[in-house]
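Fold and geometry: a report
If you want the building blocks of each chain, they are given just below.
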Amino acid sequence: MAYLQPTTLTCPTCQFSAQIKVVVGIGPGSNRGDIPYERYKSAPPFTEGENGQLLCLHDGTVVWTNTAARKAPE
Ligand SMILES: [Zn+2]
């Protein structure tokens, strides 16, 4: 199960702001309350960095980092 979520990212350094779409979803075998993963769907206008990061096109500041799904806290 996954869905697209429009997300506005703002650079803390230069205040550049743009909207991207983020894929939000949980893997198979997940349980109610588990925290979904969040991954960007496409990078533009931001620049793709390493390890699932998006960088500001002006100054390279990290504005997004993909996150993995996690189990619900016990
Ligand atoms: Zn910036």
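The coordinates are above.
Residues numbered from 1 in each chain as written. Predicted model: local features only at pLDDT ≥ 70, side-chain atom pairs only at ≥ 80, totals over all residues. Heavy atoms only, no water.

Looking at the side chain of threonine 61
Looking at the secondary structure, you find threonine 61 in the loop between strand 5 (53–55) and strand 6 (62–65). Side-chain polar atoms of threonine 61 contact the side chain of aspartate 59, separated by 2.8 Å. Sequence-distant contacts of threonine 61, that is, excluding residues within four places in its chain, are made with Cys11, Pro12, Thr13, Leu54, Leu55 and Cys56. (Helix = DSSP H or I, 4+ residues; strand = E, 2+ residues; numbered from the N terminus. Polar contact = N/O pair within 3.5 Å; in protein donor to acceptor, adjacent residues only side chain to side chain. Contact = heavy atoms within 4.5 Å.)

Observations concerning the coordination of the zinc ion
Note on the zinc ion: its protein donors are Cys11 (SG), Cys14 (SG), Cys56 (SG), Asp59 (OD) and Asp59 (OD). The metal-donor distances range over 2.2 to 2.7 Å. One chain supplies every donor to the zinc ion, and in sequence these donors are spaced C-x2-C-x41-C-x2-D. Taken together, the residues span a long stretch of sequence, with cysteine 11 in the loop between strand 1 (2–10) and strand 2 (17–25) and aspartate 59 in the loop between strand 5 and strand 6 at a distance of 48 residues. In this structure cysteine 11 comes out as buried when scored by relative accessible area, which is 0%. (Donors = N, O, S within 2.8 Å, 3.2 Å for Na, K, Ca; no water. Buried < 20%, exposed > 50% of the residue type's maximum accessible area, 1.4 Å probe, protein only.)

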